[in-house]
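Commentary on secondary and tertiary structure
Each chain, written out:
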Amino acid sequence: MPSYKFALTGLACLLCGTAASAAHLDYYKADLFALNNSGVSGSVYLTFDGATSDDPAKSILVQVRANGLEPGAHPAHIHGFTAPNKPSIAPTADVFDPNDASQEGNDGDGFTELTEGVPFYGPILLTFEGLSANANGKVVYDREFDIADGGPLDDDVYKLFNRETVLHGLTTEFAPVAVPSLGLPNGDIDGFTAADPNYNAVLPIATAKFETTTADMMPAPVPLPASALLLLAGLGGLGGFSALRRRSA
Ligand SMILES: [Cu+2]
């Protein structure tokens, strides 16, 4: 009987362990809507990795696959409100006409500026650090971020379908305008006053709200750069070589 009992306990523990280690993943996708005639297209994907009994840490994997950006670094974020379940709204053409000065908070200068977008989508909740476009204006970005338990990006508390992504940064030929309240020397644009071409780092270029999706809709991870592959091949080669030496010795 002791051996039977041991076997049963072992089986129970095995099942228990399987359940505990099962990942708690939620998937979201935002199909980008171009703002300010940026020509940007693509999608932003989130994989929320929630707590399990053997791994209480929470994280979000951010994946951006986009085209049509100016080459170089771009600010990009998840925006949202900290009030429970208050959804962000994408300032797309159906809710915000940048030429309509009669709309509250709209200067009617043809641009959807940061200061006009924030009331719709809320403050920054997460910055996609290190995001940049290559020489062809393409972004392929994967990065995982730790998420505070109970914080505004904890999908268990504030569902991520209430959140929104915004990509920023565009060169225009209009006069930059300071936004002292945000500490930005050129955070706005006077779309009525022509100027030399100048880069406005915070001008929104694309936005979208996240929608729930499934694992099969997520992009493949960023392939390793060629240098990393060479290094791995080199390490593998060395390992193979030493194994060969051990055998022949
Ligand atoms: Cu932003």
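Residues numbered from 1 in each chain as written. Predicted model: local features only at pLDDT ≥ 70, side-chain atom pairs only at ≥ 80, totals over all residues.

Counting its regular elements, the protein contains 3 helices and 12 strands. Expressed as a percentage of contacts within the protein between residues at least 6 apart in sequence, the contacts between residues at least 24 apart total 74%. (Helix = DSSP H or I, 4+ residues; strand = E, 2+ residues; numbered from the N terminus. Contact = placed C-beta atoms within 7 Å.)

To continue, consider the nonpolar core. By size, the foremost hydrophobic cluster in this structure holds 40 residues, and its most contacted members are Leu46, Val64 and Ile205. With 6 residues, the single largest contributor to this core is strand β11 (residues 184-209). Once you skip the residues sitting within four places of it in the chain, Leu46 turns out to touch Tyr28, Ile60, Val62, Leu160 and Phe210. (Core = buried A, V, L, I, M, F, W, Y, C linked by C-beta atoms within 7 Å. Buried ≥ 20, exposed ≤ 12 C-beta atoms within 10 Å, placed from the backbone.)

Moving on, we get to the sheet that holds strand β4 (residues 58-67). Strand order in the open sheet made by the 5 strands is β9-β4-β3-β1-β12, with antiparallel pairing throughout. Single-partner strands in this sheet number two, and they are β9 (139-147) and β12 (211-213). When the angles between neighbouring strand axes are averaged without regard to direction, this sheet yields 25 degrees. With 7 bridges connecting them, strand β1 (residues 25-31) and strand β3 (residues 41-49) associate as antiparallel partners. When the sheet's bridge partners are listed, Tyr28 is paired in β3 with Leu46. (Pairing = 2+ DSSP bridges. Axes fitted to C-alpha atoms, helices over the stretch in contact; angles between N-to-C directions.)

So, on to the sheet that holds strand β7 (residues 124-127). Read from one edge to the other, the open sheet built from 5 strands follows the order β2-β11-β10-β6-β7, with strand pairing classed as antiparallel. Sheet topology places β2 (33-34) and β7 at the edges, where each strand pairs with a single neighbour. Two elements, strand β6 (residues 76-79) and strand β10 (residues 164-179), share 4 bridges in a ladder whose sense is antiparallel. The residue of β10 that forms the bridge with Ile78 is Thr165. Docked against the sheet, helix α2 (residues 114-121) engages β6, β10 and β11, running at close to 20 degrees with respect to β11.

Once that is clear, we can look at the confidence of the model for the protein. Overall, the prediction assigns the protein a mean pLDDT of 85, with 81% of residues at 70 or greater. In this model, residues 1-20 is a region of pLDDT below 50 whose contacts with residues beyond four sequence positions or in other chains number 3 contacts. Per-residue pLDDT stays below 50 along residues 239-249; that stretch engages in 0 contacts with residues further than four places along the chain or on separate chains. (pLDDT = per-residue confidence, 0-100.)

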